[in-house]
There are 2 protein chains.
Amino acid sequence: MNGLRGHISSAFDRDLEGIQAQIIKMGGLVEASIRDAARSLDTRDEELAERVRKGDSAIDALEEALNEEAARVIAIRAPTATDLRVVLSVMRMSANLERIGDLSKNMAKRTGVLVQMQAIGGTSSSIKRMAREVERMLKDALDSYIQRDEQLAIDVIERDNDIDQMYNTLFREFLTFMLEDPRNITACMHLHFIAKNIERMGDHVTAIAEQVVFLTSGRKPDEIRTKSDRTSTDPALSAALDDKGA
Amino acid sequence: MNGLRGHISSAFDRDLEGIQAQIIKMGGLVEASIRDAARSLDTRDEELAERVRKGDSAIDALEEALNEEAARVIAIRAPTATDLRVVLSVMRMSANLERIGDLSKNMAKRTGVLVQMQAIGGTSSSIKRMAREVERMLKDALDSYIQRDEQLAIDVIERDNDIDQMYNTLFREFLTFMLEDPRNITACMHLHFIAKNIERMGDHVTAIAEQVVFLTSGRKPDEIRTKSDRTSTDPALSAALDDKGA
């Protein structure tokens, strides 16, 4: 983590490196949490799901430690406006990581319920693919932060559109399966929750990447972002499916 | 907002009062946003829904201004550890308010879709009641902050259980309506989203109240909180309904 800043290393820099190391550690735990939650669903492994649920408290503890440390650094170093911005952005990133961890825990919680239900077409592997892509995006977002690589961060932001597309496709599939056979409804409601959770993870990863863009170039989210979750605004998308049930 | 702190007013106190005034203003906008989003759904008022969607940028702008101001205060006043904690907690509260505003905007987004669908039993008025209760909780959470009223904050945290109960009940109802008639599926999927959004608003209001408890007594969330959204963990809840469709 050297070479991040162009001037001679100060006490503040060393503190910042400590904070950044904590963010990376936290990021690693969150990546593992997404991976394990998705695997526990796919293989219906309740024990693994339980580990994910219990592991979330370690992520929460890291966020709290990180906030304490950031507050300490602000208090004793009284950083310049620019340095302060870096510390505040790290705090925002850790809040996003904590939220992703929560979503992952929520995902794992449903493993126990889904174990008792029939599989719904190929939706399980679609969900697994979606989770894997979010996990990769998170890894790249954290790398882009460490390397202050604006292009990689923008790349992550753009890939969130793919996640939104995957979610839109799954949403259609769940509707179709429910309309085809009412016995699919309960399982589809749970799977839909999970898909939506992963889609929201993508939003939080995007928020992390946006912080990186802001730190490297000063550009704000609305100058870079596009959005493509359309299920809430596109009546045609659901109306078409609604007709099938009529 | 006088009399909040027991010592002679300092430059820091005046800054803090300014920040608190901004939080209250932001809270007022978010309360109105919840109210209008719920009303737009209930009366199928697309124009009002559009105003809610557009109004969210004012909430986002306030959060940003508040963060800038908080960062400025930290930088120039170099507050003591205790004072710093107050400023950081205000930043967390504003992040929660911003998220509630987002959820309210998402709720309003679905008005346009639902206008084109049939009403689902009495679920619309249940949703309206749930939204009104969250709005009241938010008002009380902000009052508890201004008055440093720990008991009121704890009361808000406990009322979140009622919101979770309302959500659990609605979840059952949606499943039942979907099983009864597949033509209800699409509308129920959208209404379920909305109910889940309101339930999540309740969680963010709870997080605000938890900050108040922490500020007044130093107690942490896990020392005060209970949780009762059971749809993800209670297989019986969904299994019972699943049987009905078999």
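These numbers come from a predicted model, not from an experiment. (Residues numbered from 1 in each chain as written. Chains lettered and ligands numbered in written order. Predicted model: local features only at pLDDT ≥ 70, side-chain atom pairs only at ≥ 80, totals over all residues. Heavy atoms only, no water.)

Draft legend 1. Representation of the overall build of chain A. Helix and strand content of chain A: eight helices and zero strands. Starting at the N terminus and ending at the C terminus, chain A contains elements arranged as α-α-α-α-α-α-α-α. Residues counted as buried form 55% of the 246 residues belonging to chain A. Considering only residue pairs separated by 6 or more positions, chain A has 83% of its internal contacts joining residues 24 or more positions apart. Just so you have it, chain A exposes about 9,900 Å², and 49% of that area is on carbon and sulfur atoms. (Helix = DSSP H or I, 4+ residues; strand = E, 2+ residues; numbered from the N terminus. Buried < 20%, exposed > 50% of the residue type's maximum accessible area, 1.4 Å probe, protein only. Contact = heavy atoms within 4.5 Å. Areas by Shrake-Rupley, 256 points an atom, 1.4 Å probe, with all protein chains shown as cover.)

Draft legend 2. Geometry of helix 1 (residues 11-42) of chain B. Along its 32 residues, helix 1 of chain B runs 47 Å from first to last C-alpha, staying within 8% of the 46 Å computed at 1.5 Å per residue. With its phi angle positive at about 55 degrees, B:Arg44 sits one or two positions after the end of helix 1 of chain B. (Expected span 1.5 Å × (residues − 1).)

Draft legend 3. Focus on the packing of helix 6 (residues 150-180) of chain A against helix 7 (residues 185-217) of chain B. Closest axis-to-axis distance for the helix 6 of chain A/helix 7 of chain B pair is 10 Å, and the angle between their directions is 130 degrees. What the angle tells us is that helix 6 of chain A and helix 7 of chain B run oblique. Relative to helix 7 of chain B, helix 6 of chain A is oriented so that their crossing is right-handed. Each of A:Tyr167, A:Phe171, A:Leu175, A:Met178 and A:Leu179 in helix 6 of chain A lies in contact with helix 7 of chain B, whose residues at this interface are B:Ile185, B:Thr186, B:Met189, B:His190 and B:Phe193. Counted by class, the contact of helix 6 of chain A with helix 7 of chain B contains eight nonpolar, two polar and no charged residues. (Axes fitted to C-alpha atoms, helices over the stretch in contact; angles between N-to-C directions. Parallel < 35°, antiparallel > 145°, perpendicular 65-115°, else oblique. Left-handed = near helix turned anticlockwise from the far one by under 90°. Nonpolar A, V, L, I, M, F, W, Y, C, P; charged D, E, K, R; others polar.)

Draft legend 4. Examining the packing of aromatic side chains more closely. Summed over the entire model, instances satisfying the criterion amount to four aromatic pairs over all chains. Seen from their ring centres, B:Tyr167 and B:Phe171 are 6.2 Å apart, and the 45 degrees between their planes marks the pair as tilted. Residue B:Tyr167 and its partner B:Phe171 are located together in helix 6 (residues 150-180), separated by four residues, close to a single helical turn. Judged by relative accessible area, which is 0%, B:Tyr167 ranks as buried. Aromatic ring contacts, followed pair by pair, group A:Tyr167, A:Phe171 and B:Phe193 into a single cluster. The aromatic ring of A:Phe193 is capped on one face by A:Arg110, whose charged end is 3.8 Å from the ring centroid. Above the face of the A:Tyr167 ring, A:Lys196 is positioned so that its terminal group lies 4.8 Å from the ring centre. (Phe/Tyr/Trp six-rings, centres within 6.5 Å; stacked < 30°, edge-to-face > 60°. Lys NZ or Arg CZ within 6 Å of the ring centre and 35° of its normal.)

Draft legend 5. Seen up close, the side chain of B:His192. On the secondary structure map, B:His192 appears in helix 7. On the basis of relative accessibility, which here comes to 3%, the residue B:His192 falls in the buried class. Excluding residues within four positions of it along the chain, B:His192 makes contact with A:Met189, A:Phe193, B:Tyr167, B:Phe171 and B:Phe174.

Draft legend 6. Structural view of the side chain of B:Asp56. With respect to the helices, strands and loops of the structure, B:Asp56 is situated in helix 2 (residues 46-77). Beyond its immediate sequence surroundings of up to four residues, B:Asp56 is in contact with B:Gly101, B:Asp102 and B:Lys105.

Draft legend 7. Just unusual backbone geometry, in detail. Residues and elements named next belong to chain B. Positive phi values are uncommon outside glycine, yet Ala78 reaches one of about 40 degrees. Position of Ala78 relative to the elements: it lies in the loop between helix 2 and helix 3 (81-109). A relative accessible area of 40% means that Ala78 is categorised as partly exposed.

Draft legend 8. Quick look at the interface of chain A and chain B. Facing the 43 residues of chain A at the interface are 43 residues of chain B. For the pair chain A and chain B, the two sides together bury roughly 4,000 Å², of which 65% comes from carbon and sulfur. Linking chain A with chain B are two salt bridges, by the criterion used here. Applying the counting criterion to the chain A and chain B interface returns two residue pairs in polar contact (both at pLDDT 80 or more). At the level of elements, helix 2 (46-77), helix 3 (81-109), helix 6, helix 7 (185-217) and helix 8 (235-245) of chain A are the ones that each hand at least two residues to the side of chain A that touches chain B. The biggest single contributor to the side of chain A that touches chain B is helix 7 of chain A, with nine residues. A breakdown of the residues in the side of chain A that touches chain B according to their chemical character gives 20 nonpolar, 11 polar and 12 charged. (Buried area = accessible area lost by both parts, 1.4 Å probe. Salt bridge = Lys/Arg side-chain N within 4 Å of Asp/Glu carboxyl O. Polar contact = N/O pair within 3.5 Å; in protein donor to acceptor, adjacent residues only side chain to side chain.)

Draft legend 9. The arrangement of helix 7 of chain B in detail. Residues and elements named next belong to chain B. When the terminal C-alpha atoms of helix 7 are compared, their 47 Å separation across 33 residues agrees well with the 48 Å that a helix rising 1.5 Å per residue should span. Most of helix 7 is tucked away: 29 of the 33 residues are buried. Just downstream of helix 7 lies Gly218, where phi reads positive at about 75 degrees.

Draft legend 10. Here's a closer look at the relation of the copies chain A and chain B. After a rotation of 180 degrees and a shift along the axis of 0.0 Å, chain A superposes on chain B with an RMSD of 0.0 Å. Seen this way, the second copy is the image of the first under a two-fold rotation axis. The rotation axis passes nearest to the C-alpha of A:Ala78 in chain A, at a distance of 3.0 Å. A high fraction, 100%, of the interface residues of chain A reappear at the interface in chain B, so the copies pair face to face through one surface. (Least-squares fit on C-alpha atoms with pLDDT ≥ 70 in both.)

Draft legend 11. Seen up close, the nonpolar core. Residues A:Met107, A:Leu138, A:Met178, B:Met107, B:Leu138 and B:Met178 are the most contacted members of the largest nonpolar core, which totals 143 residues. Discounting chain neighbours no more than four positions away, the residues touching A:Met178 are A:Asn184, A:Ile185, A:Cys188, B:Met178, B:Ile185 and B:Met189. (Core = buried A, V, L, I, M, F, W, Y, C linked by side-chain atoms within 4.5 Å.)

Draft legend 12. Spatial organisation of the packing of helix 1 of chain B against helix 2 of chain B. All names here are of chain B. At their nearest, the axes of helix 1 and helix 2 sit 10 Å apart, and the two run at 165 degrees to each other. Taken together, the axes of helix 1 and helix 2 are roughly antiparallel relative to one another. The handedness of the crossing between helix 1 and helix 2 comes out as left-handed. Classifying every residue of the contact of helix 1 with helix 2 gives 18 nonpolar, three polar and eight charged.

Draft legend 13. Summary view of the confidence of the model for chain A. Residue and element names in this part refer to chain A. In the predicted model, chain A carries a mean pLDDT of 86, and the fraction of residues at 70 or more is 86%. When pLDDT is averaged over each element of chain A, helix 5 (residues 123-146) comes out on top at 95 and helix 8 at the bottom at 41. pLDDT under 50 marks residues 1-6. Its contacts with residues more than four places away, or in other chains, come to 12 contacts. (pLDDT = per-residue confidence, 0-100.)

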